[in-house]
Amino acid sequence: MGIVNKDNITDVVIESLGQHGEISARDRQIMTGLVKHLHAFVKDVELQHSEFLVACDYLARAGKLCSDNRQEFILLADILGVEVLVDMMTNPVDGDESESTVLGPFYRENPPVLPKGGTTIQMHFDNEETAYYEGYIRDADGKGIAGVTLDVWQDAPNGVYENLDPNQPEYNLRGRFETDETGHYAFTAVRPVPYPIPEDETAGELLRFMGHHPNRPGHMHFIISKDGYRPLISQIYDADSEWLENDSVFAVKESLIGRFKPAPADMGTDLHFEFDFVLKSKAGAQAVAAE
Ligand code: BEZ
Ligand code: FE
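A few points on the structure. Since this is a predicted model, take the numbers as computed values, not measurements.

**Notes on the site of ligand 1**
Neighbouring ligand 1 are 13 residues; Pro-105, Tyr-195, Arg-216, His-219 and His-221 lie closest to it. Note that an oxygen atom of ligand 1 is positioned 2.7 Å from one of the side-chain N or O atoms of Tyr-195. Surface burial for ligand 1 is 100%, taken as the share of its 260 Å² of free accessible area covered by protein chains. Looking at the shell around ligand 1, the elements that each hand over two or more residues are α4 (72-79) and β7 (219-225). For the shell around ligand 1, a count of residues per class yields seven nonpolar, four polar and two charged.

Laid out in structure tokens, this is it:
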């Protein structure tokens with residue numbers, strides 16, 4: 001510890017770490033980085049006390065909004081591009097492996113288990129475009145993986161997820177599918193439309209403070225999992241969607257963009273979307289993370 005001044009305050013706080021109780025090497029690394037960057041930020045913008053109090057009040061209000069249905073801090077991290085960066089640090093991509101991206105707040109566990117080729121559509125909308133989604137889930141050697149579980153979820157043609165819309169049936173546009181013995185998956189759903197992330201309360205305040213819009217391009221969410229492979233949390237994006245290059249949560253990756261094509265007459269849907277994924281084995285994922 002020590003007597004502080006503007007020049008030594010950062011070093012004094014860093015040197016205090018662990019002085020009155022043991023801390024792990026990782027916790028020391030995290031706290032050292034946090035203190036360094038926070039102090040540098042305060043100095044950089046010459047943060048005033050009135051502004052500090054506004055920030056404390058803002059964080060207190062964000063905390064009060066958190067519930068089982070809303071994790072405001074993840075939403076704020078999304079708007080700041082932090083969750084996608086943390087995901088890139090956690091799941092470095094190597095070779096042909098499919099890229100991950102943010103989970104978002106709208107996943108529901110235990111979606112309806114549906115047969116290969118089945119539909120997630122439980123309710124129709126006048127403006128809907130139905131689509132047949134299909135592709136292969138492969139390993140790093142290009143071999144199809146049988147018995148892979150795919151949880152899929154998306155917004156409805158009105159831009160609202162089922163759990164936020166009292167007019168949609170429970171689990172509308174959500175489903176759990178499995179690949180066949182060749183690693184092929186298939187299901188029917190709708191073309192996802194762009195929608196705004198929640199823009200009320202503190203998330204909306206942050207968007208307005210940053211001069212940002214709330215919109216996301218049309219996307220389908222996936223969680224793809226099988227024992228022995230790294231679970232892949234990802235999204236695929238409609239190449240023709242608005243907001244693709246201007247996503248409010250910065251989650252679009254080039255490799256996750258695909259194109260809806262008109263479906264062949266015998267497919268029974270308006271559109272056809274083909275997309276393959278490559279999973280990494282758990283052993284391979286650990287080796288890349290350790291590099
Ligand atoms: C979503 O895609 O569902 C989402 C992702 C981040 C923040 C809000 C929504
Ligand atoms: Fe989404």
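**A short note on the environment of Phe-177**
Among the secondary structure elements, Phe-177 is positioned in strand β3 (residues 174-178). For the pair Phe-177 and Leu-114, spaced 63 residues apart in the sequence, the C-alpha separation amounts to 5.6 Å. The contacts of Phe-177, once residues within four sequence positions are left out, are Leu-114, Pro-115, Gly-118, Thr-120, Val-148, Thr-149, Leu-150, Val-152, Ala-186 and Phe-187.

**Some words on the pattern of salt bridges**
Inspection of the entire model under this criterion finds 16 salt bridges. For Glu-162, the salt bridge identified is with Arg-174, shortest N-O distance 2.5 Å. On the criterion of sequence distance, the pair formed by Glu-162 in the loop between β2 (149-153) and β3 and Arg-174 in strand β3 is long-range, its members being twelve residues apart. Arg-174 matches Glu-162 in its accessibility class, with the two residues each being buried. Residues joined in a network through salt bridges with shared partners are Arg-108, Glu-162, Glu-170 and Arg-174.

**Observations regarding the packing of aromatic side chains**
The full count for this structure, using the stated rule, is 16 aromatic pairs. Both rings, one in Tyr-133 and one in Phe-273, keep their centres 5.7 Å apart while their planes meet at 45 degrees; by these two values the pair is tilted. A residue pair is termed long-range when its members are at least 10 positions apart, and Tyr-133 in strand β1 (residues 130-138) and Phe-273 in strand β11 (residues 271-274) qualify at 140 residues. Comparing Tyr-133 with Phe-273, the two get one shared label, buried. Between the aromatic rings of Phe-222 and Phe-277, the centroid separation amounts to 4.9 Å while the plane-to-plane angle is 55 degrees, which identifies the pairing as tilted. Here Phe-222 is found in strand β7, whereas its partner Phe-277 is found in strand β12 (residues 277-278), with 55 residues between them in sequence.

Here is what the cut-offs are and how they apply
Residues take numbers from 1 onward in each chain, read along the sequence in its written order. Each chain takes a letter, starting from A, and each ligand takes a number, starting from 1, following the order in which they are written. Local features in this predicted model are restricted to residues of pLDDT 70 or higher, and side-chain atom pairs are both shown and tallied only at a pLDDT of 80 or more, whereas totals for entire chains, interfaces and linings draw on every residue. To obtain the side-chain values, all non-hydrogen atoms of the structure were included, while hydrogens and water were left out. Any residue with a heavy atom lying within 4 Å of a molecule or strand is counted as near it. Polar contacts here mean pairs of N or O atoms no more than 3.5 Å apart (in protein, one a potential hydrogen donor and the other a potential acceptor; neighbouring residues in sequence count only if both atoms are side-chain atoms). Using the Shrake-Rupley algorithm and a 1.4 Å probe, accessible areas are obtained, with residue cover drawn only from the displayed protein chains. The helix count covers DSSP runs of H or I at least four residues long, the strand count covers runs of E at least two residues long, and both are numbered beginning at the N terminus. As a working rule, the residues Ala, Val, Leu, Ile, Met, Phe, Trp, Tyr, Cys and Pro are called nonpolar, Asp, Glu, Lys and Arg charged, and the rest polar, with Gly in that last group. Only heavy atoms matter for contacts: two residues are in contact if any of them lie within 4.5 Å across the pair. Salt bridges are identified by distance alone: a Lys or Arg side-chain nitrogen within 4 Å of an Asp or Glu carboxyl oxygen. For each residue, the accessible area found with a 1.4 Å probe, counting protein chains only, is set against the maximum for its type, and the residue is called buried under 20%, exposed over 50%, and partly exposed in between. Each aromatic pair joins two rings of Phe, Tyr and Trp (for Trp, the six-membered one) with centres within 6.5 Å, and gets the label stacked for planes under 30 degrees apart, edge-to-face for over 60, and tilted for any other angle.

Just geometry here; none of it tells us what the structure is for.
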